[in-house]
Amino acid sequence: MVKFNDLKAVNALHGEEITEAVARVAASGWYLHGSETAAFEAEYTDYIGTKHCVGVGNGLDALTLILRAMLELGRIEPGDEVLVPANTFIATVLAITENGLKPVLVEPDPLTLQIDGGRLEAAVTPRTRVLMLVHLYGRCAMTPQIEAFLREHPEISLVEDNAQAHGCKYQQARRTGSLGLAAGHSFYPGKNLGALGDGGAVTTDDAELADMVRSLGNYGSSRKYVFDHVGRNSRLDEIQAAVLRVKLRHIDADNARRAEIAYLYYEGLGGLCGIPDDCAGGNVYHLFPVLSERRDALQEQLRKRGVETMIHYPIPPHLQACYRSEPWARVSLPITERLALQELSLPMHAAMSEEEACFVVDCLGGLRS
Ligand SMILES: *Cc1c(COP(=O)(O)O)cnc(C)c1O
């Protein structure tokens, strides 16, 4: 049996430290807005390489509050357009629509599966104000072409969805999450930096934006019982922050293990992978997608041999029932739609063994011949 992700084993890698952290907070009598959250925010700021970090309740809140803060600060207006990859998790798009902004879905490059920088210019209108870059599957979506596009469009702010890419680097130097105006991070348990429940954060160099996100996540208040904005409640709690401090100390080692598994997959699978990568760059392999025209048969074959796989994602946002009546969703996106039929994610986590990876390769090789 090879599990797709094994949270029990992943957290057992740092079990004693995690247990100590939880016990410390439990005994402290202080559970929200405390020293653990402040310490994690400072440590995560250092790690990502931004000036500010604000802990929030989850990844969707992080993205939603960034755009909400931009609206409150008058930097964008309702109805403005946000360029976003068409092949992303629904939360990226929800953050846009929840704020009364318009998603403009951009097809991915079929080779990298990341947003196609060559299609951005044609998607720009006088209302385009934000590019939401999703580092999908733990791979860096930024490219020199996208950098040039942003330079030519100073009216477009870069916001990153870094929910799948903690530790990922652009050109082996700057970390994703520090490349634009602000970034949203998720600490959902299955992510590369996962808590024992929900958690999220916003990173940014912009002090005004950071303050606004903090206020909006605190009922719209920056002074107790004074409310300047119509806010909400979205906070990272002390137990999650304490656990995340432990896991942040080990994230580079955990990501290195993922890269070793990815390398074994690349070596063993060769052309079947479809997505070129030398495993020597800055990617962090949150997921390991392969593409196949016989995806469903492949998944069944693996299941029969005890290998769990998942599909990311079977229905793209523009085809979801929730957006049925939205004009922006009535578009034809053949690359995204084909991807939804062909993508299969192989087992990938920081506690995976080489034997398990080789077994998966063996199962796939058998099907190919
Ligand atoms: C997980 C995820 C989110 C949302 O994070 P939550 O903490 O689950 O709200 C957003 N975007 C992407 C790409 C994700 O994978």
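In this text, all values refer to a predicted model and were calculated from it rather than measured experimentally.

Thresholds, definitions, all that
- Residues numbered from 1 in each chain as written.
- Predicted model: local features only at pLDDT ≥ 70, side-chain atom pairs only at ≥ 80, totals over all residues.
- Heavy atoms only, no water.
- Helix = DSSP H or I, 4+ residues; strand = E, 2+ residues; numbered from the N terminus.
- Rg over C-alpha atoms; globule rule 2.2 N^0.38 Å.
- Buried < 20%, exposed > 50% of the residue type's maximum accessible area, 1.4 Å probe, protein only.
- Contact = heavy atoms within 4.5 Å.
- Areas by Shrake-Rupley, 256 points an atom, 1.4 Å probe, with all protein chains shown as cover.
- Patch = residues over 30% accessible without salt bridge, like charges linked within 9 Å, V, L, I, M, F, W, Y side chains within 5 Å.
- Salt bridge = Lys/Arg side-chain N within 4 Å of Asp/Glu carboxyl O.
- Phe/Tyr/Trp six-rings, centres within 6.5 Å; stacked < 30°, edge-to-face > 60°.
- Pairing = 2+ DSSP bridges.
- Axes fitted to C-alpha atoms, helices over the stretch in contact; angles between N-to-C directions.

Caption draft 1: Seen up close, the overall build of the protein chain. Helix and strand counts for the protein chain come out as 13 helices and 13 strands. A compact globule built from 369 residues should have a C-alpha radius of gyration of about 21 Å, and the protein chain, at 20 Å, falls within 12% of that. Residues classed as buried in the protein chain amount to 56% of the 369 residues present. At a minimum sequence separation of 6, the contacts of the protein chain that also span at least 24 residues come to 71%. Accessible area for the protein chain stands at about 15,600 Å²; split by element, carbon and sulfur atoms hold 53% of it.

Caption draft 2: Geometry of a nonpolar patch on the surface. Residues Y219, Y225 and F227 make up a contiguous nonpolar surface patch of about 390 Å² in total accessible area. Along the chain, the position of Y219 falls in the loop between α8 (207–216) and β10 (221–223). The exposure class assigned to Y219 is partly exposed, which follows from its relative accessible area of 40%.

Caption draft 3: Quick peek at the pattern of salt bridges. Taken as a whole, this structure holds 19 salt bridges when the rule is applied. A salt bridge links K102 to E81; the nearest nitrogen and oxygen atoms lie 3.7 Å apart. Taken together, the positions of K102 in strand β3 (residues 102–106) and E81 in strand β2 (residues 81–85) put the pair 21 residues apart, joining distant regions of the chain. Given a relative accessible area of 8%, E81 falls into the buried group. Between E260 and R257 there is a salt bridge; the shortest N-O distance is 2.8 Å.

Caption draft 4: Structural context of the packing of aromatic side chains. Scanning the entire structure with this criterion turns up eight aromatic pairs. Seen in terms of ring centroids, Y44 and Y47 are 6.5 Å apart; in terms of plane orientation they differ by 20°. Their pairing is stacked. Remark: Y47 and Y44 occur in helix α3 (residues 35–48); sequence separation between them is three residues, near one turn of the helix. For the pair Y44 and Y47, one class covers both residues: buried.

Caption draft 5: Fine view of the sheet that holds strand β5 (residues 157–161). Taken together, the seven strands give an open sheet; going across it, the order is β1-β9-β8-β5-β4-β2-β3, and neighbouring strands pair in mixed fashion. Of all strands in the sheet, those bounded by a partner on one side alone are β1 (52–56) and β3. Pairs of neighbouring strands in the sheet enclose a mean axial angle of 20°, with direction left out of account. Across five bridges, β1 lies against strand β9 (residues 200–204) in antiparallel orientation. Across the sheet, the residue bridging to H52 is T204, located in β9.

Caption draft 6: Summary view of helix α5 (residues 90–97). Buried within α5 we find A91, T92, V93, A95 and I96. Taken together, the buried residues of α5 touch α4 (59–72), β2, β3, β4 (128–134) and β5.

Just geometry here; none of it tells us what the structure is for.
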